[in-house]
Amino acid sequence: MKYLIYLCAVIGLVPGCVGDEDPPVASASQALTTTFTGTIPVNGWATRQITLTATSDVSASLSWASATSNLNLFLSNAAGTSIDFANGAARPEVVDGTALPAGTYTLGIKNKTGPSTAYTLTVTTTPVFHAAYPGQPVPGSVFWGAAISGNGDPITRHETPAGAPLALHRTFWQWNHRATNLVQAARDDLEHARLPWVSVKTPSWAAMGAGTHDAEIDQMLVALDALPGPIWLTIHHEPEGGGGVNQPDDPAGPAGHVAMNRRVRQRITALGVDNVALAPILMSYTFKGASGRNPDEWWAPGIYDFFGVDHYVATESSLIDTAWGAIRTWAAARGVDVAVGEWGMRGTDAAAGARVHAWYDAAIGSATDGRGARVVGLSAFDSNLNSPTGGWELFGQQLSAFRDLLGDPRTASINDE
């Protein structure tokens, strides 16, 4: 998606636009101000055009030099339909447009009375962000959170010490919990300003994909749809290798996993569920040649809202490694954002804390860094469960950095939705 706004001057009766050489660019979370200048003759008109490539709020303020002149300002769309006008006698004259769709708009300036005069037209545009899927944060922000050991308590573990909510909360469930514990956990998260990201293990992938369990899928989706906020849903995370290094968790294999998720997407659409975003979660190891896997086998277009991955480094090194670059490049080629369901790295000293900050900062800048898909969520695996090579629970400076970033103004919040 593009969150860019280009403003250009179109010569009316007189030229003059500050910064014509390089059209200004703004992100979805930034206001952009551009100044046009010129001179308007007696009884004259001048026009300027602005082109919006995303839905935006527009405000224009017109001032002029001559105290005995009276200039009026008009804003209209490409069809010539008036949006706003200002025809008073005082300086400045101001017009506004709210949530204007992408397109070209004209600002007309009329010298109603008085002599020729120099004028200054200041135009401010503010992109209006529209999430492409439930829980997509505004560019320049990221959902920051954790999976806590055994679906543990976020309040005592992080929120009380940090004085801020756990913006993203990962929890894990079995199929018999799909309409009970899973839903209650999501409800509790929303009530505490957390974005729930729930994973659920399923019956046979082949049976799921064939529609055998549609009534059960519907039961889960209807219960989630009744909740008052966005939910991220993953159906059987890390499906590639639970039964061995290269053995899928189910005999149906990658095609079966895709078919199962396609069925869930079909049920989401059929039921009109509008607050659930569906995403797979693969292992970052799958993107390494040594895995012998092809991530394309686990993906199909038209099913998922974004791409999820679990990413670990076994040494005291950065998570921003070659595998991470490959993941972002791969996701960008498929037109989807990336979120990390579990991350973990070693170390507890100041350097480890700095790596946590670097990981977060890289996600914040991912919408504009040109290195691949945007990163919308980062969830630490704050746990020692299922960790045969050693636990990943946050300690020391990693823990301090993690909690500090919960209160960072760039951390996304479902309250901003």
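Thresholds applied
Residues numbered from 1 in each chain as written. Predicted model: local features only at pLDDT ≥ 70, side-chain atom pairs only at ≥ 80, totals over all residues. Heavy atoms only, no water. Helix = DSSP H or I, 4+ residues; strand = E, 2+ residues; numbered from the N terminus. Buried < 20%, exposed > 50% of the residue type's maximum accessible area, 1.4 Å probe, protein only. Polar contact = N/O pair within 3.5 Å; in protein donor to acceptor, adjacent residues only side chain to side chain. Phe/Tyr/Trp six-rings, centres within 6.5 Å; stacked < 30°, edge-to-face > 60°. Lys NZ or Arg CZ within 6 Å of the ring centre and 35° of its normal.

A.B. asks: Is there a simple way to explain the side chain of T117 in this structure?
C.D. replies: Tracing the sequence through the fold places T117 in strand β9 (residues 117-127). Residue class for T117 comes out buried when judged on its relative accessible area of 3%. A polar atom in the side chain of T117 sits 3.3 Å from the backbone nitrogen of A65. From its side chain, T117 meets the backbone nitrogen of S66 in a polar contact 2.9 Å long.

A.B. asks: What am I meant to see in the packing of aromatic side chains here?
C.D. replies: Each aromatic ring pair is summarised here by two numbers: the centre-to-centre distance and the angle between the ring planes. By the definition in use, this model includes 21 aromatic pairs. For the ring pair Y312 and W392, a centre distance of 4.8 Å and an interplane angle of 50 degrees mean the geometry is tilted. With Y312 in strand β16 (residues 307-312) and W392 in the loop between β18 (375-382) and α8 (396-406), the pair connects residues that are 80 residues apart, well separated along the chain. Among the residues examined, Y312 registers a relative accessible area of 22% and is labelled partly exposed. The structure contains a cluster of three or more aromatic residues connected by ring pairs, namely W144, W324, W343, W359, Y360 and F402. The positively charged end of R346 is found above the aromatic ring belonging to W392, 3.5 Å away from the centroid.

Everything listed here is a matter of coordinates, which is why it stays silent on function.
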